Structure formats: C-alpha cells, structure tokens
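Coordinate analysis (summary)
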Amino acid sequence: FMVNDSSTGIAGLLDPGKYGAHLVKHIDGERDFAAVFARVRTEPELRASPPTDEELWRDFGPLYEFLTAVDRLLMRHRLVALPGGKNL
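Residues numbered from 1 in each chain as written. Predicted model: local features only at pLDDT ≥ 70, side-chain atom pairs only at ≥ 80, totals over all residues. Heavy atoms only, no water.

Core analysis: the largest hydrophobic core is formed by 16 residues, its most contacted members being Leu-23, Phe-37, Val-40, Leu-56, Phe-60 and Phe-66. Residue assignment for this core shows that the elements contributing at least two residues are α2 (33-40) and α3 (53-69). With 6 residues, α3 is the single largest residue contributor to this core. Among residues more than four places away in sequence, those in contact with Leu-23 are Val-36, Phe-37, Val-40, Leu-56 and Phe-60. (Core = buried A, V, L, I, M, F, W, Y, C linked by side-chain atoms within 4.5 Å. Buried < 20%, exposed > 50% of the residue type's maximum accessible area, 1.4 Å probe, protein only. Helix = DSSP H or I, 4+ residues; strand = E, 2+ residues; numbered from the N terminus. Contact = heavy atoms within 4.5 Å.)

The terminal C-alpha atoms of α3 lie 22 Å apart, and with 17 residues this matches the ideal 24 Å at 1.5 Å per residue to within 8%. Approximately 50 degrees is the largest bend angle found in α3, and it occurs at Gly-61, with the proline Pro-62 only one to four residues beyond. Within α3, burial applies to Leu-56, Asp-59, Phe-60, Gly-61, Leu-63, Tyr-64, Phe-66 and Leu-67. If you follow the buried residues of α3, they end up packed against β1 (2-5), β2 (10-13), α1 (20-26) and α2. Looking one or two residues beyond α3, the residue adopting positive phi is Asp-71, at roughly 55 degrees. (Expected span 1.5 Å × (residues − 1). Bend = angle between axes of the 7 residues up to and from the residue.)

When β1 meets β2, the two strands line up antiparallel, connected through 4 bridges. Following the sheet pairing, Asn-4 is matched in β2 by Ala-11. Connecting β1 to the antiparallel partner β2 that follows it, the hairpin turn spans 4 residues, and Gly-9 within it adopts a positive phi of roughly 80 degrees. (Pairing = 2+ DSSP bridges.)

Turning next to the pattern of salt bridges. Enumeration over the complete set of coordinates arrives at 3 salt bridges. As a salt-bridge pair, Arg-31 and Asp-28 come within 2.7 Å of each other at their nearest N and O atoms. Arg-41 is paired through a salt bridge with Asp-53; the nearest N and O atoms lie 2.9 Å apart. Pair noted here: Arg-41 is in the loop between α2 and α3 and Asp-53 is in helix α3, with a separation of 12 residues, a long-range link. For Arg-41, a relative accessible area of 24% puts it in the partly exposed group. (Salt bridge = Lys/Arg side-chain N within 4 Å of Asp/Glu carboxyl O.)

Structure representation (structure tokens):
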C-alpha cells in the first residue's frame, strides 16, 4: 500500500507483509516483541503452522523500520517498567 506521512514528508510503497496485520493488532504499548510474537502465534489461522520469531521479524522488519522512522511506533524493552511501576 502507499504510505504518505505528512509530518515527515516520507512517502512510498510499503508492503505490510504476511503477518503485519496480526503483529500490529497486538502492539499495545505494554508488550515487548516476545509477547507480541507469542500472541500472533495463537491466531486461529496461524496455529496449525505457527511462524518462528525469525519469520515474524523478517516479515515485519520493513514495516517496523518505516513506523519507527516516522515516530509512529515505539517498543519498550521487557525490563523497562511501565508507568506506575508495573512490569510485564
């Protein structure tokens, strides 16, 4: 699909990949990639042949790079506490 980020002026074609929609659905500002990937593997259509972490990352990498470049995605390390001291 065509992406045009007005705040940065970055535009271009971006392939969300095979798992992009699944991955984005589970990114909530609290989960790290390990937790997101684990949830993706529980999706009904992926349970029979769940993708590995490597497959998920390889597929999501271009979308991740774009979203972080335009400051639309920020992931936290699992050891960093959430506001209020909560840690997952």
